[in-house]
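Coordinates in review
Next come the chains, spelled out residue by residue.
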Amino acid sequence: MSKHLHLWEKLNQRQQATLTAIYRADQSVEAAQKEGWRLGSIREKASVWRNLQYYFEPTSYETLLHKLLSQAGVVDQGLGSTLQVLERHKLIQCNYYNGELISIKLTTTGRAVARAGLGESAPKKPPKGQLKPRQWEALATAYEAGELGIDSGLNFGDYAGFSWQWTWLRLRDYQGSGLVKEVGYWNKDGKHSTKLVITQAGIEFYRQQWSQYRTLYPDVNAPKPD
């Protein structure tokens, strides 16, 4: 028996139900964050978005964490004691303000214990060097643009709406070869500007990997290579 499963079985049914509800809220927020990244949203630190809000004003919407704990039937006078037990086992971290529970953060150990108890596995990390959906979509855009490249437009660096920091920079520095590059030029108004152009290595990568990524990310609009 793994140490995480052993710790899960040391918890009583109420404590397990509480940890499960917190875990479900944590996973829901993580999924929403990943979807946002895929669509180009700015990444927040995990220490921020993993801090699950519990408290809500009576006039505002109910938080996801409060809703899941309520559905588990543990939102009562005994909740504080239950959370204290989970904290002592270093499964969660609670944040209080003036004695009011504000938020709960699931620890790495807590996530592993919940997965062990629920029979779930941690998602496998993609193979090293595998492009993420947004990066593959950006490379496809650069491939389609060809030698003309993609002009920076009004949003400097965020070519074609893809983030420079999280997408283009990764492609530019990809395994030392660089799938795209920035090129400076003088436009027709005599002003210096920049555009992003796919490199020869990028073209070869796109042609060689197109079938694989077509299967991997069928929702990405990536034109078939010449």
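Overview of the structure. Everything numeric here is computed off the predicted structure, so don't read it as measured data.

**Structural notes on the side chain of Ser103**
Relative to the helices and strands, Ser103 resides in strand 3 (residues 100-106). On the basis of relative accessible area, Ser103 is assigned to the buried category, the value being 4%. Within the local environment of Ser103, its side chain forms a polar contact with the side chain of Asn51, the two groups lying 3.2 Å apart. Aside from chain neighbours lying at most four places away, what touches Ser103 is Asn51, Leu52, Gln53, Tyr54, Gln93, Cys94 and Asn95.

**Focus on the pairing of strand 6 (residues 192-198)**
Where burial is concerned, most of strand 6 is hidden: 5 out of the 7 residues are buried. Judged from the 2 bridges that link them, strand 4 (residues 150-151) and strand 6 form a sheet pairing that is antiparallel. Residue pairing for strand 6: Asp151 is matched across the bridge by Lys195. Bridge count for strand 5 (residues 180-186) against strand 6 is 7 bridges, and the pairing is antiparallel. Each residue of the ladder has a partner; that of Val183, found in strand 6, is Lys195. Between strand 5 and the antiparallel strand that follows it, strand 6, lie 5 residues; Gly190 among them carries a positive phi value of about 80°.

**As for the sheet that holds strand 6**
Taken together, 3 strands build an open sheet; the order of strands is 4-6-5 and the sheet is antiparallel. The sheet is open, and its two edges are formed by strand 4 and strand 5, each paired on a single side.

**Digging into helix 5 (residues 79-88)**
Taken residue by residue, helix 5 has Leu79, Thr82, Leu83, Val85 and Leu86 as its buried positions. Along helix 5, the residues classed as buried sweep out an arc of 155° about the axis, all on the same side. Two residues or fewer after helix 5 comes Lys90, characterised by a positive phi angle close to 60°.

Conventions we followed
Residues numbered from 1 in each chain as written. Predicted model: local features only at pLDDT ≥ 70, side-chain atom pairs only at ≥ 80, totals over all residues. Heavy atoms only, no water. Helix = DSSP H or I, 4+ residues; strand = E, 2+ residues; numbered from the N terminus. Buried < 20%, exposed > 50% of the residue type's maximum accessible area, 1.4 Å probe, protein only. Polar contact = N/O pair within 3.5 Å; in protein donor to acceptor, adjacent residues only side chain to side chain. Contact = heavy atoms within 4.5 Å. Pairing = 2+ DSSP bridges. Arc of directions from axis to C-beta.

In short, the description is geometric, and any link to function would need to be established separately.
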